[in-house]
Amino acid sequence: MNSENSLDEQLLKLPEVVAMVGSSSSTIYRWIDEGRFPSQLILGPATVRWKLSEIKAWLRGLAPVNEHEAPLLPPPTAVPSQPERMLSTPSPAESAQMPPTKPQRPSQAAPEVITDADGRRNVLPLSLPPRGLSRVIAAAYIGVSPSLFDDLVANGRMPGPKLINARHVWDRLQIDAAFEALPEKAGPRNPYAEFRA
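Residues numbered from 1 in each chain as written. Predicted model: local features only at pLDDT ≥ 70, side-chain atom pairs only at ≥ 80, totals over all residues. Heavy atoms only, no water.

**Student:** It is not clear to me how the overall build of the protein chain should be interpreted in this structure. Could you clarify?
**Tutor:** Summing up its helical and strand segments, the protein chain has 9 helices and 6 strands in all. Here the protein chain holds 197 residues, and 21% of them are scored as buried. Look at the contacts in the protein chain between residues 6 or more apart in sequence, and 42% of them connect residues 24 or more apart. Just so you have it, the protein chain exposes about 14,200 Å², and 57% of that area is on carbon and sulfur atoms. (Helix = DSSP H or I, 4+ residues; strand = E, 2+ residues; numbered from the N terminus. Buried < 20%, exposed > 50% of the residue type's maximum accessible area, 1.4 Å probe, protein only. Contact = heavy atoms within 4.5 Å. Areas by Shrake-Rupley, 256 points an atom, 1.4 Å probe, with all protein chains shown as cover.)

Structure follows, in structure tokens:
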């Protein structure tokens, strides 16, 4: 058995398959359900692996799911990803079949997605702050922990939430007003405040 064959029998974890294919794990599992991607080997209750040889064949568009089906649909891009190139060097015949890769221009790069503290995508421009805030964001807005914010709401120093369906949302403007009403820190008199030259 040569080294290429022994390398092809290597088993891959899901993150390695995701890196090679260039699609998310949910897409890969959907393709498996649709019969468009090689099935995983179940090695234990929470352990699955894929055969490297089947993934490489799928990337080339050659692997049928089983002997009764036509070959699988090729992936969205048949160009192997960087991790696959590191696993083996393509033969001259494979190199001739691969389309040349070109670097992405900055204008083709995906725009940065801005998310809020709850992990949801923020569709507002940065110049427009949201009016309604979640509990965690309302606490961060005034610079305290969520538990201290809960205490401030409970003792009336911060406003209670508004109810939108089942979601509790704090009004940023009411929080601003309550924050302005909080007492200033009482401390020693500033000796420089009355200094005159």
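**Student:** Explanation requested: the pattern of salt bridges in the structure shown.
**Tutor:** Any two side chains of opposite charge can pair, so long as their charged atoms come close to each other. If you walk through the whole model with that rule in mind, you get 4 salt bridges. Residue glutamate 34 is joined to arginine 36 by a salt bridge in which the shortest nitrogen-to-oxygen separation is 3.1 Å. Put simply, aspartate 150 and arginine 135 hold a salt bridge, and the shortest N to O gap is 2.8 Å. One end of the pair, aspartate 150, is in helix H8 (residues 146-154); the other, arginine 135, is in helix H7 (residues 135-142), and 15 residues separate them in sequence. Residue classification places aspartate 150 among the partly exposed residues on the basis of a relative accessible area of 31%. On the basis of relative accessible area, arginine 135 is assigned to the partly exposed category, the value being 33%. Among the charged side chains, a salt-bridge network with shared partners connects Arg30, Glu34 and Arg36. (Salt bridge = Lys/Arg side-chain N within 4 Å of Asp/Glu carboxyl O.)

**Student:** Please clarify how helix H4 (residues 52-59) should be interpreted in this entry.
**Tutor:** Each α-helix winds once per 3.6 residues, and so residues spaced three or four apart point in a common direction. Extensive coverage of H4 is indicated by the burial of 6 of its 8 residues. For H4, the complete set of buried residues consists of Leu52, Ile55, Lys56, Ala57, Trp58 and Leu59. Glycine 61 occupies a position one or two residues after H4 and carries a positive phi of about 80°.

**Student:** Is there a simple way to explain the packing of aromatic side chains in this structure?
**Tutor:** For any pair of aromatic rings, the description rests on two quantities: the centre-to-centre distance and the angle between the ring planes. Counting across every chain of the model gives 5 aromatic pairs. A ring pair is formed by tryptophan 31 and tryptophan 58, whose centres lie 5.3 Å apart and whose planes are at 40°; its orientation type is tilted. Here tryptophan 58 lies in helix H4 and tryptophan 31 lies in helix H3 (residues 25-34), a separation of 27 residues in the sequence. Take tryptophan 31: its relative accessible area is 4%, and that puts it in the buried class. For tryptophan 58, a relative accessible area of 1% gives the class buried. One aromatic cluster is present, formed by Trp31, Phe37 and Trp58 through successive ring pairs. (Phe/Tyr/Trp six-rings, centres within 6.5 Å; stacked < 30°, edge-to-face > 60°.)

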